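# Structural characterization, general
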Amino acid sequence: MTRGIKPYTPPAGGWGALKAVAGVLADQDTVAKGGQALLGANQPDGFDCPGCAWPDPKHTSSFEFCENGAKAVAWETTSHRATPEVVGAHTVADLWQWPDHDLENLGRLTEPLRYDPASDRFVRAGWDEATTAIGAAMRALPDPNQAEFYASGRASNEAAFLFQAFGRRFGTNNFPDCSNMCHEPTSVGLAEQLGLGKGSVSLEDFDHADAIFSFGHNPGTNHPRMMGTLREAARRGAAIVVFNPMRERALEKFASPQDPVEMLTLTGTDIASRYYQLKVGGDVAVLTGLMKLLIERDALDHEFIAQHTTGFEALAAHVAAADWPWIETRSGLTRADLEEAADIYQRSKAIILCYGMGLTQHRSASSLVQQLVNLLLLGGHIGRRGAGICPLRGHSNVQGDRTVGITEKPSAGLLASMERVFGFKQPTAHGHTVSEAIEAIREGTVKAMIALGGNFAVAAPDPALTFPAMKMLDLTVNIATKLNRTHLLTGKQAWVLPCLGRTEIDVQTSGRQSVTVEDSMSMVHASRGMRQPASEHLRSEPWIVAELAHATFGDDPLVDWRGLAGDYDRVRGLIEQVFPDQFEDYNVRIRTPGGFRLPVPTSERVWTTPSGKAAFLPYVADDAAQNNPMGDDPTRGDPDVLLLTTLRSHDQYNTTIYGLNDRYRGVKGRRDVVFAHAEDLAARGIADGDRIDLACAFDGGVERTLKGFTAVVKAMPRGCLAAYYPEANPLLALSERDRRSGTPAYKSMPVRMTRSQ
């Protein structure tokens with residue numbers, strides 16, 4: 001048997017989850033404090049979990065956290081400390097050789113750090129020293145568009161709003177953010193089609209759905225609290241139909257750690273009613289086939305289509321042109337499979353369609369996402385109780401950041417409102433997405449980057465180009481709780497500024513503060529830290545952003561930056577003024593337990609599109625061949641090319657690696673594996689456990705390879721591979737991305753596989 005590989009057969013959740021929680025608390029030396037902190041997670045008077053964006057129920061229990069949420073809290077409440085002495089004991093060159101897990105496992109940053117190029121080390125710095133130097137460097141830029149303002153989804157609404165105000169006051173719309181790398185096709189595709197780039201459902205809708213169609217996500221690892229919702233839906237008889245290249249254990253069987261019967265009897269609840277293992281990148285064919293069947297059967301809501309939609313005839317003609325050999329070959333499923341799924345759709349009165357980054361991280365993903373909406377519109381399954389579209393956002397406030405203005409393509413309405421409230425002229429030129437920012441840095445037209453959280457370079461594609469580009473910058477500023485690899489890609493002047501975490505008490509001049517976040521279903525609620533900060537030198541993200549702005553602009557006659565940092569109610573007051581239709585009575589409503597829901601017109605069948613209706617939009621590939629209206633083939637017709645999708649392990653959140661195990665996939669103590677079909681390995685003379693090399697199939701003259709990984713046989717469609725993110729990122733060229741949103745195609749990389757020599 002291959003080292004570290006052993007099939008996992010128990011239900012997801014259950015005792016394994018409880019054991020893992022205990023283990024991570026012990027590993028971070030925070031059993032008592034971390035365990036106590038968990039009781040405040042996702043509670044009305046506590047803090048919002050720094051993990052995923054799954055919403056909180058109206059009636060919370062004492063335990064509103066999941067295994068991976070517990071890992072995130074333990075990672076933040078750790079007793080490990082990355083003091084200047086600890087970090088400075090190693091050169092940056094030495095730290096670069098460390099695994100990513102070990103870098104973050106140094107613990108919480110405690111004081112500002114300045115990079116000293118003479119010694120190649122980070123050294124202690126004071127806040128005044130740091131902000132003064134950064135402000136001077138920003139003022140020295142001859143063009144405001146030479147700066148990038150990168151935002152992570154962990155930032156609060158208050159910090160994100162101040163950050164976008166800082167950037168626009170500086171004169172740029174360069175706001176690459178983590179959404180560019182995950183759900184930007186949702187923001188682009190849904191906005192064009194429905195008038196709102198967000199989901200339409202509420203958590204309560206799951207109580208009334210007859211069927212839940214699940215595309216391209218693994219909730220047991222990426223948003224485990226969703227499993228409680230899916231479990232309840234399955235137990236009351238709702239059909240759960242899963243389309244995923246790999247069989248994920250949580251979508252098969254789940255045991256709730258809060259259910260004494262399942263815990264005592266070591267049993268679980270069956271989740272998926274049907275589980276279809278489509279090919280990587282086969283979603284467009286699946287959706288085309290389902291729509292083709294439903295239209296042929298006339299299983300349509302004609303009244304809804306006539307009253308609420310445009311473009312049905314064009315869509316019907318488009319899917320009619322698709323033949324079944326193409327649908328079956330491209331999807332990896334049979335017509336009988338899709339007939340069965342269509343039967344479930346046809347007999348369901350209310351359908352929720354959930355999807356994750358398995359749909360959004362492909363070329364042509366913005367158009368692909370629109371096919372999900374098309375499928376729902378055929379049956380009128382938007383704006384109905386128990387029905388709608390449910391994009392599963394990743395980080396806990398990635399949606400909120402966009403709501404309060406973190407966007408590189410601001411609308412005219414946003415800019416007019418900002419100018420009305422703040423009084424300064426707004427920049428109007430569109431800014432950079434993540435991929436565009438990297439290209440601009442490589443070209444030398446961008447000289448500075450301020451990062452509000454995140455691990456920009458590691459999360460981004462194509463490290464062969466991205467890593468050297470980052471070191472070309474004149475200024476890098478990273479606001480963070482822990483050290484990560486991006487911090488080691490130092491510009492000529494480099495700073496790491498330590499901030500408070502979600503779990504920590506935030507006191508400013510007006511007293512103790514709360515921040516706010518928005519979940520995947522447009523609920524906005526308060527988050528209030530409960531623990532003493534890891535260091536007396538930590539500052540909050542709003543304070544840091546405001547102080548950097550003050551250092552850049554001085555005593556600004558138009559924005560009282562320091563006054564805003566001292567009282568977050570004032571920040572929320574400005575958010576309300578800029579977005580009056582969304583945040584009316586913000587400070588009042590946020591003090592209501594559970595918060596409030598932002599307006600979601602689509603849930604009321606109000607379509608804020610130019611036509612005033614929802615739009616059926618046929619699939620259009622970014623570079624579709626004229627003789628192939630259904631789009632291009634990522635393998636370019638080469639039978640030797642395989643499609644690689646990236647995965648997150650169960651010991652991981654985004655780029656943060658908590659440990660080296662992936663329990664539900666049977667992996668222990670390693671991440672250097674590639675999952676493959678046995679016949680794909682045999683065809684290349686490779687056996688289970690052999691060392692293999694992967695190479696980007698169409699590299700454009702730049703060598704992009706992974707060498708010495710281990711092949712692991714997995715039940716998955718032929719022609720498909722899977723490996724962990726971010727380890728597999730070196731295989732993805734920067735140019736491989738959705739053209740409309742800029743989102744990298746992490747989920748369908750064309751590669752060649754050979755046995756290691």
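So, here is what we can say about the structure in this document. All values derive from a computational prediction rather than experimental measurement.

### Points about the environment of threonine 428
Turning to its location among the elements, threonine 428 is positioned in the loop between helix H22 (412-422) and helix H23 (434-443). Note: C-alpha distance between threonine 428 and arginine 168 (260 residues apart in sequence) is 9.4 Å. Among residues more than four places away in sequence, those in contact with threonine 428 are Asn173 and Leu415.

### What to know about helix H11 (residues 226-235)
Of all 10 residues making up H11, 7 are buried, and the element is well covered by its neighbours. When we look at burial in H11, the residues that qualify are Met226, Met227, Thr229, Leu230, Arg231, Ala233 and Ala234. Following H11 by one or two positions, glycine 237 adopts a phi angle in the positive range, close to 100 degrees.

### With respect to the nonpolar core
Counting residues in hydrophobic clusters, the biggest one holds 58 residues, and the most contacted among them are Met138, Phe149, Phe161, Phe422, Leu497 and Phe583. Considering every element that reaches this core, the biggest residue donor is helix H8 (residues 157-170), with 8 residues. Beyond its immediate stretch of four places on either side in the chain, phenylalanine 161 contacts Val404, Met418, Phe422, Val571, Leu574, Ile575, Val578 and Phe579.

### Digging into the sheet that holds strand S5 (residues 121-124)
Spatially, 6 strands are ordered S5-S4-S17-S16-S15-S6 in an open sheet, and the strand pairing comes out mixed. Looking along the sheet, the strands with just one partner apiece sit at the ends: S5 and strand S6 (147-151). Neighbouring strand axes in the sheet, compared pairwise and without regard to direction, differ in orientation by 20 degrees on average. Note that strand S16 (residues 475-480) and strand S17 (residues 493-498) share 6 bridges and pair parallel. Within S17, the residue paired with valine 477 across the bridge is tryptophan 495.

### What to know about the sheet that holds strand S21 (residues 523-527)
One open sheet holds the 3 strands; their spatial order is S20-S21-S22, and the pairing between them is antiparallel. The open sheet has two free edges, formed respectively by strand S20 (515-518) and strand S22 (596-597), since each of these has just one partner strand. Against the sheet, H8 touches S20 and S21, its axis set at about 90 degrees to S20.

### Comments concerning unusual backbone geometry
Most peptide bonds take the trans form, and the phi angle of most residues other than glycine is negative. Look at the link from tyrosine 725 to proline 726: it is a cis peptide, with omega at 5 degrees. If you trace the backbone, proline 726 turns up in the loop between strand S30 (720-724) and strand S31 (749-755). Of note, aspartate 120 is a non-glycine position whose phi angle comes to about 60 degrees, a positive value. Looking at the element boundaries, aspartate 120 is found in the loop between strand S4 (113-116) and S5.

### Quick notes on the pattern of salt bridges
The tally for this structure, following the rule as stated, stands at 44 salt bridges. The salt bridge partner of aspartate 556 is arginine 169, with a shortest N-O separation of 2.8 Å. Taken together, the residues span a long stretch of sequence, with aspartate 556 in the loop between helix H26 (541-553) and helix H27 (561-566) and arginine 169 in helix H8 at a distance of 387 residues. The shortest N-O distance in the salt bridge between arginine 755 and aspartate 690 comes to 3.7 Å. Taken together, the residues span a long stretch of sequence, with arginine 755 in strand S31 and aspartate 690 in the loop between helix H30 (678-682) and strand S28 (691-696) at a distance of 65 residues. Judged by its relative accessible area of 42%, arginine 755 is partly exposed.

Each value, and the rule that gives it
Residues numbered from 1 in each chain as written. Predicted model: local features only at pLDDT ≥ 70, side-chain atom pairs only at ≥ 80, totals over all residues. Heavy atoms only, no water. Helix = DSSP H or I, 4+ residues; strand = E, 2+ residues; numbered from the N terminus. Contact = heavy atoms within 4.5 Å. Buried < 20%, exposed > 50% of the residue type's maximum accessible area, 1.4 Å probe, protein only. Core = buried A, V, L, I, M, F, W, Y, C linked by side-chain atoms within 4.5 Å. Pairing = 2+ DSSP bridges. Axes fitted to C-alpha atoms, helices over the stretch in contact; angles between N-to-C directions. Salt bridge = Lys/Arg side-chain N within 4 Å of Asp/Glu carboxyl O.

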